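Observations on chain architecture
Residue strings, one per chain:
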Amino acid sequence: MSRFLEKWMIRTALVAVGLAGAACGDGGEAGADGADGAGCSITDNGDGTTSVVCGDAAAVVIKNGDKGDKGDAGDACSAKDNGDGTKTVTCGTTTVTLADGGPGAAGDSCTVKDNGDDTSTVTCGTTTVTLANGADGTGCEATDNGDGSSTIKCGGTELTIADGKPGETGPAGAAGAAGAAGAAGESADNFKITNFHGEEYLTSTGEFATAGKAFVTAMITSATADEAGKVTINFTVNGKDKDKTPVTDLKSISANIVKLVPGGENKPDYWVAYQTTVKTVANSKDYDWPAKDGDKALQASTDSKGKFTNNGDGTYTYEFLANLKEAKADGVAIAYDRKLTHRVSVMFGGHSGPTANAWFDFVPDGTAIKTRRDLIATATCKQCHGNEFHGHGGNRLDVAVCVTCHNPSTTDPESGHTVNMSTMIHKIHAGAELHSIAGKDGVVFDNPATEIDESADNGKYAIWGYKNTKHTWWKVGFPAVIENCTKCHQGDVKDLPQVDNWKKLPSIEACGACHDTVNFVTGDGHKGGKKADGTCSGCHAPEDIVEFHDWTKHDPRNIPEFVGTVTVSEPKNKKFFVAGEAPVVTVILKKDGVAIDHTTVVEGSAQGCKIDGCPEPDGKFATSNFFVHGPRAKRRPVLTTTARVQIVGTEEPYALADGATMTVTFDGGAELFSTDASGGDTIVAGTASIKLAKADFADITKATAAELAAALNKNGAFAARGIAWAEGKAIAVRNRNLFESAYWSIQLDSSPIANVAFKGDTSLHFMDVSTASNRLAKRTNPALEDPKVTRSKEKITYQLDPVDDLVPGTYIAAIEVGDLGRKGNDDYRTPTVAKLAFNVKSESTEKFVANNCNSCHQNSEGKGYVLDFARHNKIFSNDALDQCGACHDYMNRKPTGDWSGGKPISRRVHGIHNGSALNFPLQTVWYSNGDPIKGRHWDITLPQDVRNCEVCHTADGSSGSWKTNPNTLACRGCHDSTAAQAHFKQMTWDPTPASPYSGD
């Protein structure tokens, strides 16, 4: 279909939509004004109907409307004598000051009734008004003003009242014959992505909109606990606006207090709650928990019935109801030691009103704090969980507050499990990787292809908690590798003195939370046998613990063979490449810190590698892939041999003739829209017809490849879409790859030039490859050798094509290299990967579409989750898309529309992160050939609201295109219901239906 025809169809459709009122976008155009209608007359027929006659039209008889309901009573009025010859009449919020009038004769059309409640009712005709009784007056009179109102004078008080209305008439007659305006279309602003997604949306809807919930800032400024055990705290509450406006309407809070008890030698200190309650299990027959009726457990509690004082200026005071000297845990006294570190906390809001929490450490006897217990920064948790944790109604927002209840003082009675922070958090985050979860068969997820349920023998760590609701986490996969302790235990010891406890002070409780098949009492599963708490560090030195948890060194299959670097030649302006420049990429591989001899990089087959060891490399590379793609906004393969869509002809000379012709078809003949010098629409044709002139050749009957290439490039239509050159002594032509809406292709017709110079090749040439990779290794078949690769002892270089046809942006060169390679999912050596970004036609580095992978997937040292060690070694860093986008790009390879390579990354990534909510998970994430993890079905839940798009598309670091470029690829990753799919199909027009994943 030509682009002109497409444009006409779109405009025609828009006109049609405008006539009916647009479905979305700007309002439809107003209809034309109709001619002036003739005058109308209305006659009351006296029988409950009205006749309407307009011009020469027959009379229309309309039933009179029913009398309207009586309105609500108005506000009472009062009159005040001002003592200056005037009186002020007040009715509700309306006040009028009137000059006193003289006494008048009593009117005979009004009556006054004393209601016996200090009010009187005045009735004048059909008008009735009730007035507060005043002092005895001199009588009232009513005067008809002749303008639809009457004035009542009572003594010196005067009030004008509208006359009562006659009974209401029926509805108005039919409108004249004027043309009606077209219906207004719904504004496109109503459908902005940010109306339904993003942090601003999430904090302005739901409870934030209906219950006045608002995040504020609370800070405890002081706390005291006197000798008598009375606790008092002072705190401030301010808004999060730029002025930090004081919050003065806080009504109540919850608070608690704990003490930090020394753990003893080689044991961590621990918090003990002063306020506790005992929970007793009941109704066990209705639940599947392990406990039985009557089982009891101690739980930390809060204090909310003390003396709460609002000082009216954003400052508050709270005096605990609890007395620390009288504190007991299930009847056993809790020692009040004023020399220990104590922590108080306040919590408020959650579901409504101002919402915050705060904490404060102090020593009751007034001395300086000597011991602290701070292991984890709340900011670290928020990297994955966002601003609000799921538990407890939304007002527990700091880890330092969580531990005031989640300490050894609290146990879940239904399961018998402690909910001490160090145990509970480790178990939750370990999830499916807890040693006990998989059961005897070692399989966590049920494989639907087998008759047995592999998950039937699973252990299930569960707690029931609030309202007897069962919570399990056995499907959780920690996004940064569970051995990656420093993903959570990170930060400066100045702020977190115990941040290194995980390696310096190991304990049975913390370590046993993950290593939960070890029985330290009996010694089962423990090489050290029976051990008591406090003895762990005797065997497990800090460096040993670090080494044991460094998963990157344990599996030889997952350790790349080389360290690779990728660099690019310097642009002439030292900043970015411009038309006429062709970058050169350099690759250097090092092994054990020494560069290899790159002339030995030759093609070979995979040897693989087992978990217990690897064979000696044979020097023949199983993988030597090189990619160039971009721009970041819409990635496509560019500048390399594989990215070309080309035809290489026969070698010179060519016996051609004056006037010989050839027609070249680019991209199926698709035309390109462009603009001319004046800014108007123009098109670039999808075909070019060339006619040779002998003047362009020294001897046209013995034409050279260079002469023929120059003659083709001289043709304006050809040069607009293609390039010709001499590939050695052979003529070659290629597509300039300017078409954005479908696959790229080039095809010659049967013609004198094609028959002579191109061996009569009239087949369709397109990018028929799975991925647009290029081989750096020397090929075993010389005919397949990439002419743009140069290997020397020191390095490998790759000469890229000129950047003339690229749009401005940031482009990526990347490698994926390995000698041993992959024979199977369990028999492989992960490849060496490296990448480099360079700019074309723009000094500004293009922002990522998404840029925050490492917030969940890596620790502060850049170590974390790697996807698919066996094939790709995909490192989930903030610039992960620069690697993954090399294959998961937005360029279809085939004219059939079948996607031949990696599917576009946007839909897959969205689908995986919303896996547990998908209707068709395998289809949505494009795993039509089965689930890589049998039975899992991508049952993944993002640890915060999936609509918070800024988690991955950060406001300051990403392009923001998630807000401005909604598209079916990305949106279908989450919205995959049948209704959503129907909506996508109904509301979008695909100009290339044969290429459904082209991104257009």
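Residues numbered from 1 in each chain as written. Predicted model: local features only at pLDDT ≥ 70, side-chain atom pairs only at ≥ 80, totals over all residues. Heavy atoms only, no water.

Considerations on the overall build of the chain
- Of regular secondary structure, the chain possesses 19 helices and 52 strands.
- Scored against the burial criterion, the 1000 residues of the chain give a buried share of 41%.
- In the chain, the proportion of contacts linking residues at least 24 apart, taken out of those at least 6 apart, comes to 63%.
- Accessible surface for the chain amounts to roughly 51,500 Å². Of this, 53% is attributable to carbon and sulfur atoms. (Helix = DSSP H or I, 4+ residues; strand = E, 2+ residues; numbered from the N terminus. Buried < 20%, exposed > 50% of the residue type's maximum accessible area, 1.4 Å probe, protein only. Contact = heavy atoms within 4.5 Å. Areas by Shrake-Rupley, 256 points an atom, 1.4 Å probe, with all protein chains shown as cover.)

Describing the pattern of salt bridges
- Taken as a whole and assessed by the stated rule, the structure comprises 29 salt bridges.
- With its nearest N and O atoms 3.4 Å apart, the salt bridge here joins Lys-292 to Asp-295.
- A salt bridge links Asp-882 to Arg-632, with the shortest nitrogen-to-oxygen separation between them at 2.7 Å. Of this pair, Asp-882 sits in helix H14 (residues 881–884) while Arg-632 sits in the loop between strand E33 (623–630) and strand E34 (636–637), placing them 250 residues apart in sequence.
- Exposure remark for Arg-632: the relative accessible area of 7% places this residue in the buried category.
- In this structure, a network of salt bridges that share partners links the residues Arg-343, Asp-361, Arg-372 and Asp-374. (Salt bridge = Lys/Arg side-chain N within 4 Å of Asp/Glu carboxyl O.)

As for the packing of aromatic side chains
- Under the definition given, this model contains 16 aromatic pairs.
- With 5.6 Å between their ring centres and 15 degrees between their planes, Phe-308 and Tyr-316 make a pair best called stacked.
- Overall, the relative accessible area of 0% leaves Tyr-316 in the buried class.
- Ring centres 5.9 Å apart and planes at 35 degrees place the aromatic pair Phe-445 and Trp-474 in the tilted group. With Phe-445 in the loop between helix H6 (421–430) and strand E26 (462–463) and Trp-474 in the loop between strand E27 (471–472) and helix H7 (501–504), this pair connects stretches of sequence that are 29 residues apart. (Phe/Tyr/Trp six-rings, centres within 6.5 Å; stacked < 30°, edge-to-face > 60°.)

A short note on the nonpolar core
- One finds Met-662, Leu-692, Leu-708, Leu-712 and Phe-718 to be the most contacted residues of the largest nonpolar core, which totals 37 residues.
- Of all the secondary-structure elements, those providing two or more residues to this core are strand E36 (661–666), strand E39 (687–691), helix H10 (705–714), strand E41 (730–735), strand E42 (745–748) and helix H12 (752–757).
- Per-element tally for this core: the top contributor is H10, with 5 residues.
- Other than its neighbours up to four places away in sequence, Leu-712 contacts Met-662, Ile-690, Phe-718, Ala-724, Ile-731 and Val-733.
- By size, the runner-up hydrophobic cluster in this structure holds 31 residues, among which are Ile-257, Val-272, Ile-334 and Tyr-336. (Core = buried A, V, L, I, M, F, W, Y, C linked by side-chain atoms within 4.5 Å.)

A look at the sheet that holds strand E20 (residues 307–310)
- Strand order in this open sheet of 4 strands is E14-E15-E21-E20, and the pairing throughout is antiparallel. Each end of this open sheet is capped by a strand with a single partner; those strands are strand E14 (217–225) and E20. Adjacent strand axes in the sheet meet at a mean angle of 15 degrees when their direction is disregarded.
- In this sheet, strand E15 (residues 230–238) lies alongside E14 in antiparallel orientation, the contact comprising 8 bridges. From the neighbouring strand, Ser-222 faces E15, where its bridge partner is Asn-234. (Pairing = 2+ DSSP bridges. Axes fitted to C-alpha atoms, helices over the stretch in contact; angles between N-to-C directions.)

Details of the side chain of Thr-410
- Of note, Thr-410 is situated in the loop between helix H5 (399–402) and H6.
- According to the relative accessible area criterion, Thr-410 is buried, its value standing at 8%.
- At 2.7 Å, the side chain of Thr-410 and the backbone oxygen of Cys-405 are in polar contact.
- Those residues in contact with Thr-410, other than ones at most four positions away along the chain, are Leu-298, Gln-299, Ala-300, Cys-405, Thr-418, Val-419 and Asn-420. (Polar contact = N/O pair within 3.5 Å; in protein donor to acceptor, adjacent residues only side chain to side chain.)

A closer look at the side chain of His-953
- Within the fold, His-953 resides in the loop between helix H16 (921–924) and helix H17 (961–964).
- The exposure class assigned to His-953 is buried, which follows from its relative accessible area of 10%.
- Leave out the neighbours within four places in its chain, and His-953 touches Val-849, Ala-850, Asn-851, His-910, Ser-958 and Trp-962.

What to know about the sheet that holds E41
- Reading across the sheet, the 3 strands line up as E35-E41-E40 and stay open at both edges, with antiparallel pairing between neighbours. Single-partner strands in this sheet number two, and they are strand E35 (646–651) and strand E40 (722–727). When strand polarity is set aside, the average angle formed by the axes of neighbouring strands in this sheet is 20 degrees.
- Summarising the sheet, E40 and E41 pair through 6 bridges and their orientation is antiparallel.

A few points about unusual backbone geometry
- That bond from Gly-630 to Pro-631 is cis: its omega, -5 degrees, falls within 30 degrees of zero.
- Turning to its location among the elements, Pro-631 is positioned in the loop between E33 and E34.
- With an omega of 0 degrees, the peptide bond running from Glu-652 to Pro-653 counts as cis.
- Mapped onto the elements of the fold, Pro-653 is located in the loop between E35 and E36.
- With a phi angle near 50 degrees, Lys-244 is a residue other than glycine that sits in the positive phi range.
- Residue position: Lys-244 is located in the loop between E15 and strand E16 (254–261).

Considering the state of the cysteines
- The final tally for this structure, using the stated rule, is 1 disulfide.
- Paired through a disulfide, Cys-609 and Cys-614 show a sulfur-sulfur distance of 1.7 Å. As the torsion about the S-S bond is roughly -55 degrees, the Cys-609-Cys-614 disulfide counts as left-handed.
- Among the residues examined, Cys-609 registers a relative accessible area of 1% and is labelled buried.
- The thiol sulfur of Cys-405 is not disulfide-bonded, and the nearest other cysteine sulfur, from Cys-402, lies at 9.0 Å.
- Owing to a relative accessible area of 17%, Cys-405 belongs among the buried residues under this scheme. (Disulfide = S-S within 2.5 Å.)

Considering the pairing of strand E47 (residues 809–818)
- Counting buried positions along E47 yields 10 of 10 residues, so the element is predominantly enclosed.
- Pairing geometry for E33 and E47, over 7 bridges, is antiparallel. Following the sheet pairing, Phe-627 is matched in E47 by Ala-814.

Comments concerning helix H15 (residues 905–913)
- Of all the residues in H15, the buried ones are Ile-905, Ser-906, Arg-907, Arg-908, Gly-911 and Ile-912.
- On its buried side, H15 packs onto H14, H16 and helix H18 (968–971).

With respect to the environment of Gly-523
- Counting through the fold element by element, Gly-523 comes out in the loop between helix H8 (508–514) and helix H9 (542–549).
- Of the residues examined, Gly-523 reaches a relative accessible area of 12% and is grouped as buried.
- Contacts of Gly-523, omitting those with residues within four sequence positions, involve Gly-529 and Lys-530.

Considerations on the confidence of the model for the chain
- Taken over all residues, the pLDDT of the chain has a mean of 85, while the share at 70 or more is 81%.
- Across residues 1–37 the pLDDT falls below 50, and counting only partners more than four positions away or on other chains, this stretch makes 50 contacts in the model. (pLDDT = per-residue confidence, 0-100.)

Looking at the environment of Ser-422
- Following the sequence through the fold, Ser-422 ends up in helix H6.
- Considered as a pair, Ser-422 and His-406 are 16 residues apart in the sequence and their alpha carbons are 8.6 Å apart.

A word on the environment of Leu-800
- Here Leu-800 is to be found in the loop between strand E46 (796–799) and E47.
- Discounting residues that sit within four places of it in the chain, Leu-800 has contacts with Ala-582, Pro-583, Val-585, Phe-626, Val-628, Leu-639, Thr-640, Lys-788 and Phe-838.

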